Amino acid sequence: MAILEIINVSKFFGGLAANSDVSFTMDEGMIMGLIGPNGAGKTTLFNCITGYYPPSRGDILFKGRKMNGLQPDKVCKLGMARTWQKVRPLAKLSVIDNVMVGALCRTGSLALARDIAHEMLAVVGLTQKDNFIAGGLTIGERKKLEVARVLATKPSMLLLDEVMGGLNPAESEDIIQLILNIKKQGLTQMVIEHDMKAIMRISDRIVVINSGKKLMEGNPEEVVTNPAVIEAYLGPEN
Ligand SMILES: Nc1ncnc2c1ncn2[C@@H]1O[C@H](COP(=O)(O)OP(=O)(O)OP(=O)(O)O)[C@@H](O)[C@H]1O
Ligand SMILES: [Mg+2]
């Protein structure tokens, strides 16, 4: 069953079409890779899906419900949570408090929120850092903190925007395993990532966007061998 339907979504910034007639659907439990060159419109699509911008045209249906124009907090309550390409921890708060903020989306109980936050810190491997100030974490730890915070909102779908960006190979491998473990729990995930090896390993299907438009969609093998995709990434001479 389709959990997410993106139907002819366009987003204009003045004369710039950051997204142009993008359509695809996602089945429950799958991992969809979303790739494309810098400036292709990937983050803009996340922003439209999660309510940070209303799409200029088109429809977004989550679990059959039209999401257009819903505010991000409502979108989160409906079970959709995203991380940010530029990580945004509450820098002066502790790690555990940052994750509790996510949990408080579903409960008014600080004690319960703290329990959920501890559980999610264990899932991402940050238990040892629970009382550290978030602003003092390494980039790899901040990325894990973002994932813990969105997991604490108890989502059914996660949108991860370059969660491996800037990480070393060992840290990226940790994130890959984390994404695969989250999939085992039955959550649906959309993942923006520039590391092609990583995206091929984790994705069931991949959507490629270029200059705001959907260039193609297919399984990982089909996508990496497609001449139009190679040209979009490497230029016409390759
Ligand atoms: N709020 C905004 N106002 C004006 N233009 C914007 C805004 N947000 C994005 N854009 C423009 O839309 C285009 C798509 O940007 P977007 O951030 O979605 O690309 P991206 O695929 O996520 O790129 P990257 O891989 O570099 O993160 C770019 O030309 C960008 O400058
Ligand atoms: Mg982006």
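Our subject is the structure that appears above.
Source: prediction; values computed, not measured.

Turning our eyes to something else, we now look at the nonpolar core. In this structure, Val99, Leu151, Leu158, Met164 and Ile179 are the most contacted members of the largest nonpolar core, which totals 43 residues. Every element with two or more residues in this core is listed here: strand E3 (31-35), helix H3 (95-103), helix H4 (110-124), helix H5 (139-151), strand E7 (157-161), helix H6 (169-184), helix H7 (196-202) and strand E9 (205-210). Tallying contributions element by element places H4 first for this core, with six residues. Each of domain 1 (2-79 + 155-234) and domain 2 (89-147) contributes no fewer than three residues to this core. Ignoring any residue separated from it by four or fewer positions in sequence, one finds Ile179 in contact with Ile31, Leu160, Val163, Met164, Gln189 and Ile202.

Our next topic: the coordination of the magnesium ion (ligand 2). Looking at the metal site, the magnesium ion (ligand 2) is ligated by Thr43 (OG1) and Gln85 (OE1), spaced 2.0 to 2.2 Å from it. Placement of the pair is Thr43 in helix H1 (residues 42-49) and Gln85 in the loop between strand E6 (80-82) and H3, with a sequence separation of 42 residues.

One non-glycine residue, Asn8, adopts positive backbone phi at about 50 degrees. Among the secondary structure elements, Asn8 is positioned in strand E1 (residues 2-13). By relative accessible area, Asn8 is classed as partly exposed at 40%. Look at Ser211: it is not a glycine, yet its phi comes out positive at around 50 degrees. Mapped onto the fold, Ser211 is located in the loop between E9 and strand E10 (213-218). Relative accessible area serves as the criterion here: at 55%, Ser211 is assigned to the exposed category.

Calculation notes
- Residues numbered from 1 in each chain as written.
- Chains lettered and ligands numbered in written order.
- Predicted model: local features only at pLDDT ≥ 70, side-chain atom pairs only at ≥ 80, totals over all residues.
- Heavy atoms only, no water.
- Core = buried A, V, L, I, M, F, W, Y, C linked by side-chain atoms within 4.5 Å.
- Buried < 20%, exposed > 50% of the residue type's maximum accessible area, 1.4 Å probe, protein only.
- Helix = DSSP H or I, 4+ residues; strand = E, 2+ residues; numbered from the N terminus.
- Domains from an automatic or database assignment.
- Contact = heavy atoms within 4.5 Å.
- Donors = N, O, S within 2.8 Å, 3.2 Å for Na, K, Ca; no water.

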